[in-house]
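# Structural overview
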Number of protein chains: 2
Amino acid sequence: METNLYTVTVTPMINMLENLSGILEKASSFAKSKQLEWHPEGMQESSLLNSHILFDQFPFIRQVQIACDNAKNGVSRLSGIEAPKHEDTEKTFSELKARIEKTVDFLKTIKPETVIGQEERKITLQFFPGKYLSGLDYATLYLMPNFYFHVVTAYSILRKNGVEVGKGDYLNNIPWHTQ
Amino acid sequence: METNLYTVTVTPMINMLENLSGILEKASSFAKSKQLEWHPEGMQESSLLNSHILFDQFPFIRQVQIACDNAKNGVSRLSGIEAPKHEDTEKTFSELKARIEKTVDFLKTIKPETVIGQEERKITLQFFPGKYLSGLDYATLYLMPNFYFHVVTAYSILRKNGVEVGKGDYLNNIPWHTQ
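Residues numbered from 1 in each chain as written. Chains lettered and ligands numbered in written order. Predicted model: local features only at pLDDT ≥ 70, side-chain atom pairs only at ≥ 80, totals over all residues. Heavy atoms only, no water.

On to the overall build of chain A, then. Each helix and strand counted, chain A has 7 helices and 3 strands in total. The order of helices and strands in chain A, counted from the N terminus, is α-α-α-α-α-β-β-α-α-β. For chain A, whose C-alpha radius of gyration is 17 Å, the value lies close to the compact-globule estimate of 16 Å for 179 residues. Based on the C-alpha atoms only, the size of chain A along its principal axes is roughly 60 × 50 × 25 Å. Of all 179 residues assigned to chain A, the portion counted as buried reaches 55%. Summarising the internal contacts of chain A: among those between residues at least 6 apart in sequence, 70% fall at separations of at least 24. Per element, the accessible surface of chain A, about 8,200 Å² overall, is 51% carbon and sulfur. (Helix = DSSP H or I, 4+ residues; strand = E, 2+ residues; numbered from the N terminus. Rg over C-alpha atoms; globule rule 2.2 N^0.38 Å. Buried < 20%, exposed > 50% of the residue type's maximum accessible area, 1.4 Å probe, protein only. Contact = heavy atoms within 4.5 Å. Areas by Shrake-Rupley, 256 points an atom, 1.4 Å probe, with all protein chains shown as cover.)

Laid out in structure tokens, this is it:
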């Protein structure tokens, strides 16, 4: 096992996106359990997907879309491989799970050797014209903290709405060995 | 610049703890601005430090203490160097800033070579008896996501209380180069 730009970005983002997918499964079941017969169809699902902690914050659905785009575009910037375009059209938990799945599918097509060794690559971001980061600084000081920011915010929005998720859902799929 | 266990853990955690310290500065000013003459002394500071988004969640002050301990104990586990004990006695923003500062001071004493190359080290955690993780899996799939979890949760608690912090405070101290 080696510490390299692939194992510190692609590997943990695939792992976390799969955890996020499990968290969405719980959220979807929770919304269904609150959907009563006399509600407009899908009311609780839509309400949870569009909720946030603060009025001036992106809602849950957008936090997940951003986390997916952070992962997809981040790896694209590091490797130089073009990322697929994903339109932000999801309206249900199952569509949002599919968005995560196609993001993970893209990440899995990335060959480690296209990311490994890109420490000195100049990474530019559209919000910061005229500036660039080295590949290593981008990966460790920008991409990963930003990715986790949106995953944790998505998680907090669900928690605030009563979805029973805990640290074990967030830190899932950990490759434990037995002593 | 090299991707190694030091540059993907110690470097970004020092960076983020320093950002968190700046965020605390804003929170402290905000609390002071709400502290009126007829309030009990330090009422608003204490209230903000002890607030949370959910009743069954650790409050702000504890989220910061945990993020500090994640960093200190995580690096200790990877390097085998004993971490200093920090009691959870902070009651003010300035004490909490000092907690962050002594954590950063400890991280800065860690020589890169004590962490680099520890990918295969067996990492055990008290909550998971009889199990272990490799150093690399621990760093990338447990330590860093857990550290960011508590930093982002602390940030969200402040946002929810009206402190004017934004992504620029969270992703601060980014070593941009000019094109």
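Anyway, onward from the coordinates.
Within a sheet, neighbouring strands are paired by backbone hydrogen bonds and run either parallel or antiparallel to one another. Pairing is antiparallel in the open sheet, where 3 strands are placed in the order β3(A)-β2(B)-β1(B). With partners counted over all chains shown, the strands left at the sheet margins are β3 (177-178) of chain A together with β1 (122-123) of chain B, one partner each. Contacting β1 and β2 (131-134) of chain B, helix α6 (residues 135-160) of chain B runs over the sheet at an angle of about 85 degrees to β2(B). (Pairing = 2+ DSSP bridges. Axes fitted to C-alpha atoms, helices over the stretch in contact; angles between N-to-C directions.)

Our next topic: the interface of chain B and chain A. Many authors give the size of an interface as the accessible area that is lost as the parts come together. Counting residues at the interface gives 49 residues for chain B, matched by 49 residues for chain A. Summing both partners gives a buried area of about 4,900 Å² for chain B against chain A, and 68% of it is carried by carbon and sulfur. Here chain B and chain A share 2 salt bridges between them. Between A:Arg159 and B:Asp56 there is a salt bridge, and its shortest N-O distance comes to 3.2 Å. Counting across the chain B and chain A interface gives 16 residue pairs in polar contact (both at pLDDT 80 or more). The set of elements that each furnish at least two residues to the side of chain B that touches chain A consists of α1 (10-34), β2, α6, α7 (167-170) and β3 (177-178) of chain B. Considering every element that reaches the side of chain B that touches chain A, the biggest residue donor is α6(B), with 15 residues. Among the residues making up the side of chain B that touches chain A, the classes are represented as 24 nonpolar, 16 polar and 9 charged. (Buried area = accessible area lost by both parts, 1.4 Å probe. Salt bridge = Lys/Arg side-chain N within 4 Å of Asp/Glu carboxyl O. Polar contact = N/O pair within 3.5 Å; in protein donor to acceptor, adjacent residues only side chain to side chain. Nonpolar A, V, L, I, M, F, W, Y, C, P; charged D, E, K, R; others polar.)

Summed over all chains, the structure comprises 1 cavity of 30 Å³ or more. If you add up the space inside the largest cavity, you get close to 110 Å³. Looking at the largest cavity, the residues that line it are A:Val8, A:Pro12, A:Ala139, A:Thr140, A:Met144, A:Tyr148, B:Val8, B:Pro12, B:Thr140, B:Met144 and B:Tyr148. Taken together, the residues of the lining of the largest cavity sort by class into 9 nonpolar, 2 polar and no charged. (1 Å grid on protein atoms, 1.4 Å probe; cavity = no way out; pocket = protein on both sides within 12 Å on 5 of 7 lines; lining within 4 Å. Points joined across faces, edges and corners; volume = space filled by probe spheres on them.)

The next thing to look at is the pairing of β2(B). Relative to β2(B), β3(A) runs antiparallel, the two sharing 2 bridges. Looking at β2(B), one finds that A:Thr178 is bridged to B:Lys131. In terms of strand pairing, β1(B) meets β2(B) through 2 bridges, oriented antiparallel. What sits directly across from B:Ile123, in β2(B), is B:Leu133.

Applying the stated criterion to the full structure yields 19 aromatic pairs over all chains. Through a chain of ring-to-ring contacts, the aromatic side chains of A:Phe128, A:Tyr138, A:Tyr142 and B:Trp176 assemble into a single cluster. One cation-aromatic arrangement involves A:Lys122 over A:Tyr132; the distance from NZ or CZ to the ring centre is 4.7 Å. When the ring centre of B:Phe149 is taken as origin, the NZ or CZ atom of A:Lys167, which lies over that ring, is 4.8 Å away. (Phe/Tyr/Trp six-rings, centres within 6.5 Å; stacked < 30°, edge-to-face > 60°. Lys NZ or Arg CZ within 6 Å of the ring centre and 35° of its normal.)

Glancing now at the environment of A:Pro175. Locating A:Pro175 in the fold gives a position in the loop between α7 (167-170) and β3. We classify A:Pro175 as partly exposed; its relative accessible area is 30%. Not counting the four nearest positions on each side in its chain, A:Pro175 is found in contact with B:Tyr132, B:Leu133, B:Asp137 and B:Leu141.

Moving on: the sheet that holds strand β2 (residues 131-134) of chain A. Across the sheet, which stays open at both edges, the 3 strands sit in the order β1(A)-β2(A)-β3(B) with antiparallel pairing between neighbours. The sheet is open, and its two edges are formed by β1 (122-123) of chain A together with β3 of chain B, each paired on a single side.

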